[in-house]
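What follows is the residue order along each chain.
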Amino acid sequence: MIPRTQRSVSTAKCIFLALVLLVPIAIYGASRVLNPAGPVGFAVLGDHASDLRAGLGIEQSTPAAVTIVLLNRWDTLPNMPDLAAFCARDCGKGAAGQVSITQMRYRRTRKIVFFHLPDFGGYDAGKTCVMARAAQELQSIRVTDPLPCAAHVRRSIAWQLPAGLGRI
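Definitions and limits used
Residues numbered from 1 in each chain as written. Predicted model: local features only at pLDDT ≥ 70, side-chain atom pairs only at ≥ 80, totals over all residues. Heavy atoms only, no water. Patch = residues over 30% accessible without salt bridge, like charges linked within 9 Å, V, L, I, M, F, W, Y side chains within 5 Å. Areas by Shrake-Rupley, 256 points an atom, 1.4 Å probe, with all protein chains shown as cover. Salt bridge = Lys/Arg side-chain N within 4 Å of Asp/Glu carboxyl O. Helix = DSSP H or I, 4+ residues; strand = E, 2+ residues; numbered from the N terminus. Disulfide = S-S within 2.5 Å. Buried < 20%, exposed > 50% of the residue type's maximum accessible area, 1.4 Å probe, protein only. Core = buried A, V, L, I, M, F, W, Y, C linked by side-chain atoms within 4.5 Å. Pairing = 2+ DSSP bridges. Axes fitted to C-alpha atoms, helices over the stretch in contact; angles between N-to-C directions. Contact = heavy atoms within 4.5 Å.

### Remarks on a nonpolar patch on the surface
Part 1 of the reasoning: A cluster of nonpolar side chains, namely Ile15, Leu19, Val23 and Ile27, defines an oily patch on the protein surface of about 380 Å² accessible area.
Part 2 of the reasoning: Here Val23 is to be found in helix H1 (residues 6-34).

This is how it looks when you write it as structure tokens:
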């Protein structure tokens, strides 16, 4: 049997430490290569979507990082099942006029903003306010600025955590 020397123990420690440091870097690099980038565009759906899209000067994108949904009635939300799943708890009678839900996922964070148009006095009456609030939502994922108009219409904010960890 070959006796261990101090030199071989320190070499083994260095190799082990190098592997411990290189494995996470390799996993991160592989995730960047194998996992394509998430959506980056914008989408406007629902009633008067083309008017709002033209007013904001944005192009429709699929998939979209930020989606604006304009609703004349909360009852129409079940007709959009993929979006209704996001807004199940927060939308409906008695809900805020503007509901912003951000789904956090690795490299695929997306935000969906629902506007209930009757709370703004209908689209024709509240067109400028809806455009101002939508533009504010398009600027960043987390909006902390005060409401630009219609302070009586509440804004509800929810964050969905990744991997089914819940909501904030």
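### Details of the state of the cysteines
Part 1 of the reasoning: Scanning the model with the defined rule gives two disulfides in all.
Part 2 of the reasoning: Note that Cys87 is cross-linked by a disulfide to Cys91, the S-S spacing being 1.3 Å. Between Cys87 and Cys91, the disulfide has an S-S torsion of 50° and is therefore right-handed. Across the pair, Cys91 and Cys87 agree in class, each one buried.
Part 3 of the reasoning: Residue Cys129 pairs covalently with Cys149 via a disulfide, S to S 2.0 Å. Its torsion about the S-S bond being 95°, the disulfide of Cys129 and Cys149 is classed as right-handed. On the criterion of sequence distance, the pair formed by Cys129 in helix H4 (residues 123-139) and Cys149 in the loop between H4 and strand S5 (155-160) is long-range, its members being 20 residues apart.
Part 4 of the reasoning: Here Cys129 falls in the buried class, since its relative accessible area comes to 10%.
Part 5 of the reasoning: Here the disulfide map of the protein chain reads 1-2, 3-4, the bonded cysteines being numbered as they appear in the sequence.

### Regarding the environment of Ala54
Part 1 of the reasoning: Mapped onto the fold, Ala54 is located in helix H2 (residues 49-56).
Part 2 of the reasoning: Overall, Ala54 belongs to the exposed group, its relative accessible area being 64%.
Part 3 of the reasoning: Separated by 31 residues in the primary sequence, Ala54 and Ala85 place their C-alpha atoms 28 Å from one another.

### Describing the nonpolar core
Part 1 of the reasoning: The biggest cluster of nonpolar side chains holds 18 residues, and the ones touching the most others in it are Val44, Leu52, Ile68, Leu70, Phe115, Phe120 and Val130.
Part 2 of the reasoning: Mapped by element, the contributors of at least two residues to this core are H2, strand S2 (64-71), strand S4 (110-116) and H4.
Part 3 of the reasoning: At six residues, H4 tops the list of elements feeding residues into this core.
Part 4 of the reasoning: One finds Val69, Met80, Ala84 and Phe86 within the second-largest nonpolar core, a separate group that totals 15 residues.

### Here we look at the sheet that holds S2
Part 1 of the reasoning: On the basis of which strands lie adjacent, the open sheet formed by five strands has the order S1-S2-S4-S3-S5 and mixed pairing. Two strands in the sheet have a free side with no partner beyond their single neighbour: strand S1 (41-46) and S5. Strand-to-strand twist of the sheet, defined as the mean angle between neighbouring strand axes without regard to direction, takes the value 15°.
Part 2 of the reasoning: Against the sheet, H2 touches S1 and S2, its axis set at about 145° to S1.

### Focus on the environment of Ala30
Part 1 of the reasoning: The residue Ala30 is located in helix H1 in this model.
Part 2 of the reasoning: For the pair Ala30 and Arg167, spaced 137 residues apart in the sequence, the C-alpha separation amounts to 29 Å.

### Re the pattern of salt bridges
Part 1 of the reasoning: Taken as a whole and judged by the stated rule, the model has two salt bridges.
Part 2 of the reasoning: In this structure, Lys111 engages Glu137 in a salt bridge whose closest nitrogen and oxygen atoms are separated by 2.6 Å. With a gap of 26 residues between them, Lys111 in strand S4 and Glu137 in helix H4 connect regions that are remote in the sequence. Accessibility classification places Lys111 together with Glu137 in one group, the buried group.
Part 3 of the reasoning: Note that Arg155 is salt-bridged to Glu137, the shortest N-O span being 3.7 Å.

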